[in-house]
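Residue-level structural notes
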Amino acid sequence: MQFTDLGIDTRLETQLAHQGITQPTDIQAHAVPTALAGHDIFAQSKTGSGKTLAFLLPAVQRVMKQKALSKRDPRVLIVAPTRELATQVFTQLRLLIAGTAIKSVKILGGENFNDQIKALRNDPQFVIATPGRLADHITKRSLQLSGLELLIFDEADRILDLGFTEQLKLINEQANHRLRQTLLFSATLDHAQVDALSRNLLKKPKQIALSAANEQHSDIKQTLYLADHLDHKEALLEHFLTQDNVGQCIIFTATRADTSRLSESLNAKGFKSVALAGDLTQNKRLDIMDAFSRENFKILITTDVASRGLDLLSVTHVINFDLPKHAEEYVHRIGRTGRAGFKGNALSLVGPKDWLSYLAIKSFLNDELTFSSVDGLKAKFKGLKEKKPVSASGKNKAQPALTKKPAFKRKTKPKKPTAPIKAPLNIDGDTPMRRKKKTEQE
Ligand code: ADP
Ligand code: MG
């Protein structure tokens, strides 16, 4: 199948071909025609399966081909939970609209407000934003949304987790007209909080659920290691990092302070790591991400701020130095590897402090987790005694696989599965991603 078969202009198709992208992925094959037909969309598909283009392509196609509702207001607004993710979506958009007259602007927190006002006065058709700063511009009337045609939320559940419900309401009210189309994307959309949001934001949405949030990712090999204490974790980490098959690596820690501490410790041992610590300025954060994407250093140490959306194809390993509290975040963290058809490894260290998180993740993933150990570094710790059953995460439990075959309609909420769920649709099997490594074709 070609992109033009989905209703995408040949000019865009050529642009994609320059990036080594020739065949749509499943989420793109489903979402693009649905969006072009004017439907609202509620879409869930795995990490690394190509959701960004699934919403960018129909958006750009619309702006290129259809008459604008308003000449001044933005036509497309894309909201992403973090500045890094918004920046990445913006970069992908810029590639698509290169050589056209379409204007786009990025509105992030932590950057100069007046510069953003000036950029908005330039009447861009596309605005890519993080929710807090976006709401500030709406309140101060430097951004009008009455002519908005397409409202897109990437990683919608994370936007809610970060507490931006009020901002979302405001955006919704400001762009509240019959002709607005709304698209919602994530790898983990099946919890009650998102249902409530989608009822308010979406009109008769088409459900595109290509995989359940808790389904195994066939391109990511997940292994867990028991650890006794911090020093033991560091010894295991050192062992992993010196293995031959390690390319770039993202290490997740529990707190921001831990990122800096661990980075110093690794660098003292001769590794080249950088911490995405919390006290950095916005520019510094973006510089670090940029340097990492150019492979200027091998190891990035971060917290959940980088768990969502970031697409770095040279990442061969994700290491959970500490486990995340919410099981959904585990799915997103490990999804920083094994993207676009590449294989990846996710290694997780489980010490006494991680045990409850481990139980939550295990239950969320239907028990499909494997432990291993390293010779000479075996843990004495064998797990804490289970007291009470633990719920899957701080939120509602994920629902099982939603469809048997590619379908737009999600069935009414299925019951909790008793057996592991098998993939209803093998994304890589059906439409292989034939993209070369980023570094080779840019
Ligand atoms: P998701 O949002 O689902 O996690 P992304 O949109 O970030 O995934 O895409 C993951 C990677 O796959 C990106 O590097 C992207 O350029 C690449 N990609 C997207 N669509 C295709 C395609 N049709 N063929 C090959 N590679 C693709
Ligand atoms: Mg994404």
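Our structure is the block above this text.
Residues numbered from 1 in each chain as written. Chains lettered and ligands numbered in written order. Predicted model: local features only at pLDDT ≥ 70, side-chain atom pairs only at ≥ 80, totals over all residues.

When helices and strands are counted, the chain shows 16 helices and 14 strands. Counting the 442 residues in the chain, one finds 50% classified as buried. (Helix = DSSP H or I, 4+ residues; strand = E, 2+ residues; numbered from the N terminus. Buried ≥ 20, exposed ≤ 12 C-beta atoms within 10 Å, placed from the backbone.)

On to the sheet that holds strand β5 (residues 150-154). The seven strands lie next to each other as β3-β4-β2-β5-β6-β1-β7, forming an open sheet whose pairing is parallel. Strands at the two margins of the open sheet, each flanked by one partner only, are β3 (104-107) and β7 (206-209). Taken pair by pair, the neighbouring strands of this sheet meet at an average axis angle of 10°, ignoring direction. Relative to strand β4 (residues 126-129), strand β2 (residues 76-79) runs parallel, the two being bridged by four bridges. Looking at β4, one finds that Val76 is bridged to Phe126. Each of β1 (41-44), β2, β5 and β6 (181-186) is contacted by helix α3 (residues 51-65), which is oriented at about 165° to β5, the strand it contacts most. (Pairing = 2+ DSSP bridges. Axes fitted to C-alpha atoms, helices over the stretch in contact; angles between N-to-C directions. Contact = placed C-beta atoms within 7 Å.)

For the rest of this paragraph, the subject is α3. Helix length check: α3, at 15 residues, gives a terminal C-alpha distance of 22 Å against a target of 21 Å (1.5 Å per residue), a fit within 8%. Within α3, 12 of the 15 residues are buried, which leaves it mostly tucked inside the rest of the structure. Regarding α3, the residues found buried are Lys51, Thr52, Leu53, Ala54, Phe55, Leu56, Leu57, Pro58, Ala59, Val60, Gln61 and Val63. (Expected span 1.5 Å × (residues − 1).)

It is worth spelling out the packing of α3 against helix α4 (residues 83-97) at this point. Look at α3 against α4: their axes get within 11 Å of each other, and the N-to-C directions meet at 45°. The orientation of α3 relative to α4 falls into the category oblique. The handedness of the crossing between α3 and α4 comes out as right-handed. From α3, Thr52, Leu56 and Val60 reach across to α4, where they touch Val89, Gln92, Leu93, Leu96 and Ile97. Partitioned by chemical class, the residues of the contact of α3 with α4 number six nonpolar, two polar and no charged. (Parallel < 35°, antiparallel > 145°, perpendicular 65-115°, else oblique. Left-handed = near helix turned anticlockwise from the far one by under 90°. Nonpolar A, V, L, I, M, F, W, Y, C, P; charged D, E, K, R; others polar.)

Take the sheet that holds strand β13 (residues 344-350) next. Pairing in this open sheet of seven strands is parallel, and the strands run β10-β11-β9-β12-β13-β8-β14 from one edge to the other. Taken across any chain shown, the strands that pair with only one partner, and hence form the sheet edges, are β10 (273-275) and β14 (371-372). The strands touched by helix α13 (residues 327-334) within the sheet are β8 (220-226), β9 (248-252), β12 (315-320) and β13, with β12 carrying the most contacts at an inclination of about 155°.

Here we take up the pairing of strand β11 (residues 299-302). Side chains of β11 alternate between two faces, with Ile299 and Ile301 and Leu300 and Thr302 buried alike. As paired elements, β10 and β11 share three bridges and run parallel to each other. In the strand pairing of β11, Ser273 is matched with Ile299.

Before going further, it helps to examine the environment of Leu377. Assignment of secondary structure puts Leu377 in the loop between β14 and α15 (427-430). C-alpha separation for the pair Leu377 and Asp228, spaced 149 residues apart in sequence, amounts to 9.9 Å. When near neighbours in sequence (up to four residues on either side) are disregarded, Leu377 contacts Ala235, Leu236 and His239.

This paragraph deals with the packing of helix α6 (residues 131-139) against helix α8 (residues 165-174). The description of two packed helices rests on the angle between their axes and on the distance between the axes. Packing of α6 against α8 brings their axes to within 9 Å, and their N-to-C directions diverge by 45°. In terms of their interaxial angle, α6 and α8 are classed as oblique. Like other packed secondary-structure pairs, α6 and α8 cross with a definite hand, here left-handed. Taking contact as the criterion, the partners of Pro131, Gly132, Leu134, Ala135 and Ile138 in α6 are, on α8, Gln167, Leu168, Leu170, Ile171 and Gln174.

A few words now on the environment of Thr87. By secondary structure assignment, the location of Thr87 is in helix α4. Put simply, Thr87 and Ile128 are 41 residues apart on the chain and 8.1 Å apart in space, counted from C-alpha to C-alpha. Discounting residues that sit within four places of it in the chain, Thr87 has contacts with Lys106 and Leu286.

Taken residue by residue, a regular strand's side chains alternate between the two faces of the sheet. Burial of β6 is extensive: six of the six residues sit out of reach of the surface. Side chains Gln181, Leu183 and Phe185 project from β6 onto one buried face, and the interleaved Thr182, Leu184 and Ser186 project onto a second face that is buried too. Across five bridges, the pairing between β5 and β6 is parallel. Bridge pairing in β6 links Phe153 to Leu184.

Honestly, it's all geometry; don't read function into it.
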